[in-house]
Amino acid sequence: MDEIYQRYAKTVYHFLLARTANDDLAEELTQETFYQAIRSIDRYDESCKLSTWLCAIAKNVLLTYQRKHPEMEELEESEAQNLQEDSAENVAIDRISNIDLLKMLHGLAEPYREVIYLRALGGLSFKEIGEVHGNSENWARVTFYRAKKMLRKDVD
């Protein structure tokens, strides 16, 4: 398990950091994710990549945390308003209200929504996004491009 932790801890951490925008919380939830993974390792059936399985556990750990800490939803919304300000995408996004943007993002199908969150809010590289989803860096780039195209269509 130590080898698995060394190999995937950064991926899980970045996955959680993208969703929480809080270093300390992401670290805490990463530790909890690996604790839960150890407890349920006998249920891992190798039908998906280990990184995908760990991120699924991380997502459940985060959902459990959010249920126990409802103020977390407010944090996510405020972090969504603090997108990186210098990108061309964000100049266009500034033309619409934050609520409308969040509605549009929420309306995107998976994996488009997740890729936008990981890239724009989490600052993950396309390579890291590909790893989280068990796909290639190119897949992440194409998915991000398609998601932006969908958002542009909604803005126009």
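Going by the structure above, here's the rest.
Thresholds, definitions, all that
- Residues numbered from 1 in each chain as written.
- Predicted model: local features only at pLDDT ≥ 70, side-chain atom pairs only at ≥ 80, totals over all residues.
- Heavy atoms only, no water.
- Helix = DSSP H or I, 4+ residues; strand = E, 2+ residues; numbered from the N terminus.
- Buried < 20%, exposed > 50% of the residue type's maximum accessible area, 1.4 Å probe, protein only.
- Contact = heavy atoms within 4.5 Å.
- Areas by Shrake-Rupley, 256 points an atom, 1.4 Å probe, with all protein chains shown as cover.
- Core = buried A, V, L, I, M, F, W, Y, C linked by side-chain atoms within 4.5 Å.
- Patch = residues over 30% accessible without salt bridge, like charges linked within 9 Å, V, L, I, M, F, W, Y side chains within 5 Å.
- Salt bridge = Lys/Arg side-chain N within 4 Å of Asp/Glu carboxyl O.
- Phe/Tyr/Trp six-rings, centres within 6.5 Å; stacked < 30°, edge-to-face > 60°.
- Axes fitted to C-alpha atoms, helices over the stretch in contact; angles between N-to-C directions.
- Parallel < 35°, antiparallel > 145°, perpendicular 65-115°, else oblique.
- Left-handed = near helix turned anticlockwise from the far one by under 90°.
- Nonpolar A, V, L, I, M, F, W, Y, C, P; charged D, E, K, R; others polar.
- Lys, Arg positive; Asp, Glu negative; His and termini not counted.
- Charge placed at Lys NZ, Arg CZ, Asp CG, Glu CD.

With that settled, consider the overall build of the chain. Helices and strands together make up the secondary structure of the chain, namely 9 helices and 0 strands. Each helix and strand of the chain, ordered N terminal to C terminal, gives the series α-α-α-α-α-α-α-α-α. Burial status across the chain gives 40% buried among its 156 residues. In the chain, the proportion of contacts linking residues at least 24 apart, taken out of those at least 6 apart, comes to 58%. Total accessible area on the chain is roughly 9,600 Å²; 47% of this is exposed by carbon and sulfur atoms.

Let's shift gears to the nonpolar core. By size, the foremost hydrophobic cluster in this structure holds 38 residues, and its most contacted members are Leu16 and Leu54. Put simply, the parts of the chain that give this core at least two residues each are α1 (2-20), α2 (23-39), α3 (50-68), α6 (98-107), α7 (112-121), α8 (126-133) and α9 (137-155). If you tally residues by element for this core, the top one is α3, at 9 residues. When residues no more than four places from it in sequence are discounted, the contact partners of leucine 16 are Ala21, Ala26, Leu29, Thr30, Thr33, Ala58 and Leu62.

Attention now moves to a nonpolar patch on the surface. On the surface, Met1, Ile38 and Ile41 cluster together into a nonpolar patch covering about 250 Å² of accessible area. Along the chain, isoleucine 38 falls in helix α2.

Here we take up the packing of aromatic side chains. Counting across every chain of the model gives 3 aromatic pairs. With centroids separated by 4.8 Å and ring planes inclined at 75 degrees, the aromatic side chains of tyrosine 5 and phenylalanine 34 adopt a geometry described as edge-to-face. Of this pair, tyrosine 5 sits in helix α1 while phenylalanine 34 is found in helix α2, placing the two residues 29 residues apart along the sequence. We classify tyrosine 5 as partly exposed; its relative accessible area is 25%. A relative accessible area of 5% means that phenylalanine 34 is categorised as buried. When the centroid spacing of 5.6 Å and the interplanar angle of 65 degrees are considered together, the rings of phenylalanine 126 and phenylalanine 144 count as edge-to-face.

Let us look at the packing of α1 against α2. One way to put it is that α1 packs onto α2 with a least axis distance of 8 Å and a crossing angle of 135 degrees. By the angle between their axes, α1 is oblique relative to α2. Handedness of the crossing formed by α1 with α2: right-handed. Note on element contacts: α2 touches α1 through Asp23, Leu25, Ala26, Glu27, Leu29, Thr30, Gln31, Thr33 and Phe34, opposite Ile4, Tyr5, Tyr8, Ala9, Val12, Tyr13, Leu16, Leu17 and Thr20. Residues that form the contact of α1 with α2 fall into these classes: 12 nonpolar, 4 polar and 2 charged.

Glancing now at the side chain of glutamate 114. Structurally, the position occupied by glutamate 114 is in helix α7. Setting aside chain neighbours within four positions, we find glutamate 114 in contact with Phe15, Arg19 and His133.

This brings us to the packing of α1 against α3. Between α1 and α3, the shortest axis-to-axis distance is 10 Å and the interhelical angle comes to 45 degrees. Classified by the angle between their axes, α1 and α3 sit oblique to one another. α1 and α3 meet at a crossing whose hand is right-handed. Here α1 contributes Ile4, Tyr8, Thr11, Val12, Phe15, Leu16, Arg19 and Thr20 to the contact with α3, which in turn contributes Leu50, Ser51, Leu54, Cys55, Ala58, Lys59 and Leu62. Considering only residue class, the contact of α1 with α3 consists of 10 nonpolar, 3 polar and 2 charged.

The next point concerns a negative patch on the surface. A cluster of acidic side chains, namely Asp23, Asp24, Glu27, Glu28 and Glu32, defines a negative patch on the protein surface. In this structure, glutamate 27 sits in helix α2. Classification of glutamate 27 as partly exposed rests on a relative accessible area of 35%.

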